[in-house]
Each structure stands twice: as structure tokens, then as C-alpha cells.
Amino acid sequence: MNAETTAPDLGDLRATVAQACRILAVEGLVEGTLGHVSVRAGDDRMLIRCRGTDDEGLMFAGDDDVRLTDFSGAIIGPDEGYRVPKELPIHGELLRARPEVNAVVHAHPPAVLVCGVAALELRPVFGAYNIPAMRMALEGIPVYPRSVLISGPGLAQEMIAAMGDRPVCVLKGHGITVTGERVEQAVVRALNLNALATVTLEVARAGARAEPIPAEDIAELPDLGSAFNDLTVWRHHVAKARSRGL
Ligand SMILES: [Zn+2]
């Protein structure tokens, strides 16, 4: 989604954000009611998953849970009892600071959490198993070292500074922040980061230390083309969620 050239259809975007929440829940990246997804919806406007009075958690997120707000978190129009996430500044400040970012995922995946707490570095420990995740690790995964709730713009700006121009950031003792040009890309990047953390954790649990992948093997791995690959993976997860009635 390029917000400058394409007028966003808010209904479609709202449905995509809700779907993203359900996929993150099915895949175990969010638990219960904690975590949120947003998408840019114009100048100083975003759609973000909020919490209603009868909220049932991300696995059951519906289109109505995705509300239009400004980047500071004011709901546009009647709030109908919905409250914005306490960590909304993660989304608003990222969308404000980085024009190339159109979508933001914030989640608390247990595997990433444990790796962070155990100081297990997320390195390129595998190759063709998951090439996008390997490349993510190869390019470096920044860590925001504070375990605070990112509830204000100052803390969000600290996180953004730690993140630099990377699409992902591990929030130590907390979770992850992942960006994308579109929601689908941000979700698939979050899934890849989770896959990397899961393997890293399993290797450590086995009492082993993974050897680095040889440079000649990395050089052999093809570039899958992010956009194509992301949408293919996204479609799979949409179908998987649908097969579970979600
Ligand atoms: Zn959080």
C-alpha cells in the first residue's frame, strides 16, 4: 500500500488489520488481549486495533475493533466505548517518523521474549529452512534494551532510535515491533522473526550452539522477492485461520 498514490479503502484496510490480529493469535505471537496492529490511513490518520467493552482478545478481533485515530491516539468520530491501546505511541510515532512504513505490528511472542531474557542472540543459524528469516538475522536485529511499557511518545522515540532503519526490533523483556509497507508484509516479518527465535531457543534448550551458516551457502540462497513471498505466506495463514473458523 502506497498511501501517497493510492487512496486507501478504509473498509478493506480495517478487515486486513483484524485478519492480521487473528493470524498473530493463531500462530502464538500474541496471547489473550495484548498486542496490536495498525496501518496508515492518510495524513495523521491510522487504523489500529482497539479494545471494546466486550473485547475477547486478538484471536477474535473483528472489523469493528479496528478504529480510526490520529497519530497521537485521538479516536476520529464517536468512540462507541472503544479504548486505544496504552502502547499506541509505538504505532503513531513510527508512522510519523518513517514515511516508508505503512503498517506496524506490536506483539509479545514468547520465544522472542525468552531469547531476549536469556540473552540469546538472534543470528543466522539456518539457511534454506526460512530464507527471509535468515536474511533478517544476517542484516541484524536491533534490541531496545528497556523493558518498559511504551506508553508515551518519548519512550516510542527511544525505541525508534534503537530500531534505526530496520523493519524489526526486539523489545527486551517485552516483545517485538515490526514494520512493513503493508500489513501483510509486517505480519509475515513478525512470523519470520518468531521462527528465528523459536529455532534459536530450541537449539539452546538442546544444550547446543549452532554453528554459523557458511558464507558460500548464504551466497547460494536465492532472493525470493519479498512482495511475492509475503503475499503467498499471508494467503496461507488467512486460509489456515479460516479453516479454524477465524
Ligand atoms: Zn507491549
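Going by the structure above, here's the rest.
All values reported here derive from a predicted model rather than from experimental measurement. (Residues numbered from 1 in each chain as written. Predicted model: local features only at pLDDT ≥ 70, side-chain atom pairs only at ≥ 80, totals over all residues. Heavy atoms only, no water.)

Engineer: Go over the coordination of the zinc ion, please, and point to the residues and values.
Structural biologist: Protein coordination at the zinc ion comes from Glu87 (OE), His106 (NE2), His108 (NE2) and His174 (NE2), with a distance range of 2.0 to 2.1 Å. One can describe the donor arrangement at the zinc ion as irregular, given that its four donor atoms subtend angles of 93 to 147 degrees at the metal. Motif for the zinc ion, donor spacing along one chain: E-x18-H-x1-H-x65-H. Pair noted here: Glu87 is in the loop between strand E3 (66–69) and helix H2 (88–97) and His106 is in strand E4 (residues 103–107), with a separation of 19 residues, a long-range link. Assessed through its relative accessible area of 4%, Glu87 is described here as buried. (Donors = N, O, S within 2.8 Å, 3.2 Å for Na, K, Ca; no water. Tetrahedral: all angles 85-135°; square planar, octahedral: opposite > 155°, others 65-115°. Helix = DSSP H or I, 4+ residues; strand = E, 2+ residues; numbered from the N terminus. Buried < 20%, exposed > 50% of the residue type's maximum accessible area, 1.4 Å probe, protein only.)

Engineer: Can you tell me about the sheet that holds E3, naming the residues and giving the values?
Structural biologist: Within the open sheet, the seven strands sit side by side as E3-E2-E1-E4-E7-E6-E5. Their pairing is mixed. Across the chains shown, the open sheet's two edge strands, defined by having one partner strand only, are E3 and strand E5 (143–144). Strand direction decides the pairing type here: strand E1 (residues 36–40) and E4, joined by four bridges, are antiparallel. Pairing of His36 across the sheet is with His106, part of E4. (Pairing = 2+ DSSP bridges.)

Engineer: Outline the side chain of Asn102, listing residues and values.
Structural biologist: Secondary-structure assignment places Asn102 in the loop between H2 and E4. Residue Asn102 is classed as buried on the basis of its relative accessible area, which comes to 7%.

Engineer: Let's hear about helix H4 (residues 131–139): which residues, and what values?
Structural biologist: Among the residues of H4, those classed as buried are Ile131, Ala133, Met134, Met136 and Ala137. On the buried face of H4, the contacting elements are strand E6 (168–171), helix H6 (183–205) and helix H7 (215–220). Capping the start of H4, Asn130 holds a side-chain oxygen 3.0 Å from the backbone nitrogen of Ala133, two or three residues further along. A positive phi of about 100 degrees marks Gly140, the residue just after H4. (Contact = heavy atoms within 4.5 Å. Polar contact = N/O pair within 3.5 Å; in protein donor to acceptor, adjacent residues only side chain to side chain.)

Engineer: I'd like to hear about unusual backbone geometry, residue by residue, with values.
Structural biologist: Of note, the phi angle at Asp44 is positive, near 55 degrees, even though the residue is not glycine. With respect to the helices and strands, the residue Asp44 is situated in the loop between E1 and strand E2 (46–49). Overall, the relative accessible area of 32% leaves Asp44 in the partly exposed class. For Glu80, which is not glycine, the phi dihedral falls at a positive 50 degrees. Mapping Glu80 onto the fold places it in the loop between E3 and H2. Take Glu80: its relative accessible area is 56%, and that puts it in the exposed class.

Engineer: Any details on the pattern of salt bridges? Residues and values, ideally.
Structural biologist: Considering all chains together, one arrives at 10 salt bridges under this definition. Salt-bridge contacts for Glu80 lead to Arg67; the nearest nitrogen and oxygen are separated by 2.6 Å. Here Glu80 is found in the loop between E3 and H2, whereas its partner Arg67 is found in strand E3, with 13 residues between them in sequence. Among the ionic pairs, Arg205 bridges to Glu202, the shortest N-O distance being 2.7 Å. With Arg205 and Glu202 both in helix H6 and three residues apart, this pair spans about one turn of that helix. Given a relative accessible area of 41%, Glu202 falls into the partly exposed group. Put simply, Arg49, Arg51 and Asp55 are held in one network by salt bridges that share partners. (Salt bridge = Lys/Arg side-chain N within 4 Å of Asp/Glu carboxyl O.)

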